Amino acid sequence: MKLIDALNERTLIGDGAMGTLLYSYGIDQCFEELNLSHAKEVLNVHKAYVHAGAEIIQTNTYGANYVKLARYGLEEQVKEINTAAIKLAKQAAGDQCYVAGTVGGIRGIQKQTTSLEEIKRSFREQLYCMLFEQVDAILFETYFDLEELLAVLHIAKKETDLPVIAQVSMHEPGVLQDGTPLNEALELIENNGADVIGVNCRLGPYHMIQALEDVPLPDKAVLSAYPNASLPDYDDGRLIYPTDPEYFKKSALALYEQGARLIGGCCGTTPEHIEAIAASVKGKAPIQSKTVPEKKVQPKTEVQVKERSPQLHEIAAERRAIIVELDPPKRLRTERFFEGAKALKEAGVDSVTLADNSLASPRISNTAAATLIHNKFNINPLVHISCRDRNLIGLQSHLMGLHTLGINEVLAVTGDPTKIGDFPGATSVYDLSSFDLIYYIKQLNKGISFSGKPLGENTSFSVAGAFNPNVRNLNRAVGRIEKKIKYGADYFISQPVYSEKQILEVYDATKHIKAPIYLGVMPLTSARNAEFLHNEVPGISLSPEIRERMELYSHDSELSQKEGIAIAKSLIDAALDLFNGIYLITPFLRYEMTVELTNYIQQKTKEQQERKTANGIHIV
Ligand SMILES: Cc1cc2nc3c(=O)[nH]c(=O)nc-3n(C[C@H](O)[C@H](O)[C@H](O)COP(=O)(O)OP(=O)(O)OC[C@H]3O[C@@H](n4cnc5c(N)ncnc54)[C@H](O)[C@@H]3O)c2cc1C
Ligand SMILES: [Zn+2]
């Protein structure tokens, strides 16, 4: 009998997990490669599921695509691995069972990491293996991203008449990662031709049953559910899924009552779980009707619009703005830091920016320091946030904390690599790139968490992106600005530049960009400092003239500092007409230097304004 006819007639039993079962035996490698190197073990897992009562088993091909196999250097073996997997599943299935060719979702929470084009290419390669070896159905599973699932579904519908089972993974009960309600997502998949629509992985039976309560019986398609065994736990450093298979008897019945007609298990499930499901619902006639509770109309939460002062992107669009980096100290003495912050406030800067463990070395937390200068001196702090030290949970919590503290200026950066800092071996998290971070911060501004949950209030972050013009290919750096704008960046802050010629080049390359750019100027402190920057910091190159000027005063630190300021002033002169924002960087907490440069910019701006007003020109 054809699979679809069987599904129309009765409840079918799927198999359980492959990956976590192999893992529980101590195997911790690419599970799909085992189709080649440990065929017998894979075959035994399939047989155990068939023996337990599964009527449709999945090939061990969840991650057997070009993109995922490339993580193990196995990208050239897509065909061998898929072919071997299908042969093994068919061998175990014999005439008793259907074999579904499994294709796993590639995009996880980091939505942007793999392009749709790459996903489509990779899927086609896997699909052709499955069609060649003749599976009974194509099974899409663990799709967090609806766009990705629709893309592969379209290809499958075009290329084959085989039944297609399409399953999403919910982010939380009833909702996908992008906030789409489960019933809407399933309806969309059904309308795009999937024969079986359903859910798998991430949640255990309790939440899956709860979520399916809001899903009506589909018009044409069949509903499926493959819950995880439970939420995972750590035991002696290993992930385990503690559940009693007996619990699955009741759970399977509840899933059946919600209309599921194909029921199996995902991560953490074992042949014992499948045996329990089979004992409970195997062969039962499908339910014919279901009542979905009326949708409770959520009272609309009033979005609080708070009065706020203009933010740094708005200020720079209106007038010349000055922000000054003053980094939190590396040691616990804070006197100079606070003196500096106070002096900069008195000098009238628009913001003090605080790096996030720049050069990958620990400093006093910039949030602690920002909060104190905000409270003590009424400074508007700009907090840098790097993706290096915090995972998604930490980043969201950090941003919610900043909002609660009343801090709404942030710079989203990927972060300097750990290998240059105090702990070259430290873990770099990089759950997000700077692009993703910008995107997610803007999502918080809409009152939506990184995972799509309502936050009850909108944040009001003005988000800066980093711009590094000290690269061989300036146009590529400008391309990154354009990309950051697409992801939501409001304005840009640049690395310091050290020549008037470079200032002109940067202006030329960026003059089409509408978002304000704060051009970086960092005064040199000594000839050694100048030589270090020129010779050791990638991309930074000082003109021979500047190096000579600094060298001239190498014997006298006070004169060196004066010369550093004079050079910075000439860079400011070159930049003032071209950029509305200036970003001064305080070297080694020598805030007297940046205070003097702030005064200089203000003076020059005033003179410029007076001149223009005298000439009857209105100035922005
Ligand atoms: C104003 C400013 C403030 C900063 N503050 C901090 C801080 O507080 N803490 C900290 O750790 N780091 C900080 N950095 C450093 C920053 O994290 C790195 O310099 C980073 O590589 C550039 O900025 P990003 O993180 O936004 O990089 P992204 O634009 O996200 O780039 C990420 C990756 O791409 C590479 N890349 C960037 N541009 C190009 C290009 N044109 N061509 C090829 N590859 C490229 C980078 O090397 C990096 O590996 C700051 C940088 C700037 C400009
Ligand atoms: Zn799973």
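Residues numbered from 1 in each chain as written. Chains lettered and ligands numbered in written order. Predicted model: local features only at pLDDT ≥ 70, side-chain atom pairs only at ≥ 80, totals over all residues. Heavy atoms only, no water.

Caption draft 1: Representation of the sheet that holds strand β6 (residues 196-200) in the model. Strand order in the open sheet formed by eight strands is β1-β10-β7-β6-β5-β4-β3-β2, and the pairing between neighbours is parallel. Among the strands making up the open sheet, the edge pair consists of β1 (12-13) and β2 (56-58). Pairing between strand β4 (residues 137-143) and strand β5 (residues 164-168): four bridges, direction parallel. Paired with Y143 across the bridge in β5 is V168. (Pairing = 2+ DSSP bridges. Helix = DSSP H or I, 4+ residues; strand = E, 2+ residues; numbered from the N terminus.)

Caption draft 2: Quick peek at helix α9 (residues 182-191). Looking only at α9, the buried set comprises L182, A185, L186, I189 and E190. The buried residues of α9 all sit within an arc of 135° when viewed along its axis, so they share a single face. The elements touched by buried residues of α9 are α8 (146-159), β5, β6, α10 (205-212) and β7 (222-226). G193 sits one or two positions beyond α9 and adopts a positive phi of about 105°. (Buried < 20%, exposed > 50% of the residue type's maximum accessible area, 1.4 Å probe, protein only. Arc of directions from axis to C-beta. Contact = heavy atoms within 4.5 Å.)

Caption draft 3: Representation of the site of ligand 1 within the structure. Neighbouring ligand 1 are 21 residues, the closest being D356, T414, S434, R480 and K484. G415 places a polar main-chain atom, nitrogen or oxygen, 2.9 Å from an oxygen atom of ligand 1. Interatomic distance of 3.4 Å between a backbone N/O atom of A477 and a nitrogen atom of ligand 1. Here ligand 1 has 900 Å² of accessible area as a free molecule, and 77% of this is covered by the chains. (Near = heavy atom within 4 Å. Polar contact = N/O pair within 3.5 Å; in protein donor to acceptor, adjacent residues only side chain to side chain. Areas by Shrake-Rupley, 256 points an atom, 1.4 Å probe, with all protein chains shown as cover.)

Caption draft 4: Just the packing of aromatic side chains, in detail. Per the stated rule, a full pass over the model turns up nine aromatic pairs. One aromatic cluster in this structure is built from F435, Y439, Y440, F450 and Y487. Across the ring face of F435, the terminal group of K483 is positioned such that the distance to the ring centre comes to 4.3 Å. (Phe/Tyr/Trp six-rings, centres within 6.5 Å; stacked < 30°, edge-to-face > 60°. Lys NZ or Arg CZ within 6 Å of the ring centre and 35° of its normal.)

Caption draft 5: Expanded view of the domain arrangement of the protein chain. Considered domain by domain, the protein chain is made up of domain 1 (8-281) and domain 2 (312-524 + 571-614). Taken together, the contact pairs seven residues of domain 1 with eleven residues of domain 2. Across the domain 1-domain 2 interface, the total number found is zero salt bridges. Linking domain 1 with domain 2 are zero residue pairs in polar contact (both at pLDDT 80 or more). For the side of domain 1 that touches domain 2, the per-class residue count stands at one nonpolar, five polar and one charged. (Domains from an automatic or database assignment. Salt bridge = Lys/Arg side-chain N within 4 Å of Asp/Glu carboxyl O. Nonpolar A, V, L, I, M, F, W, Y, C, P; charged D, E, K, R; others polar.)

Caption draft 6: Examining the coordination of the zinc ion (ligand 2) more closely. Each protein donor to the zinc ion (ligand 2) is listed here as C201 (SG), C266 (SG) and C267 (SG); together their distances run 2.2 to 2.4 Å. Read N to C, the donor residues that coordinate the zinc ion (ligand 2) are spaced as C-x64-C-C. Overall, C266 belongs to the buried group, its relative accessible area being 8%. (Donors = N, O, S within 2.8 Å, 3.2 Å for Na, K, Ca; no water.)

Caption draft 7: Representation of the sheet that holds strand β15 (residues 462-467) within the structure. Read around the closed barrel, eight strands run β11-β12-β13-β14-β15-β16-β17-β18, paired in parallel fashion. Ignoring which end each strand starts from, the neighbouring axes of this sheet average 25° apart. Pairing of β15 with strand β16 (residues 491-496), which is carried by four bridges, proceeds in the parallel orientation. Across the sheet, the residue bridging to A464 is Y491, located in β16. Each of β13 (381-386), β14 (409-413) and β15 touches helix α17 (residues 434-445); the most contacted strand, β14, lies at about 150° to it. Those strands touched by helix α18 (residues 474-486) are β15, β16 and β17 (517-521), and its axis lies near 165° from that of β15. (Axes fitted to C-alpha atoms, helices over the stretch in contact; angles between N-to-C directions.)

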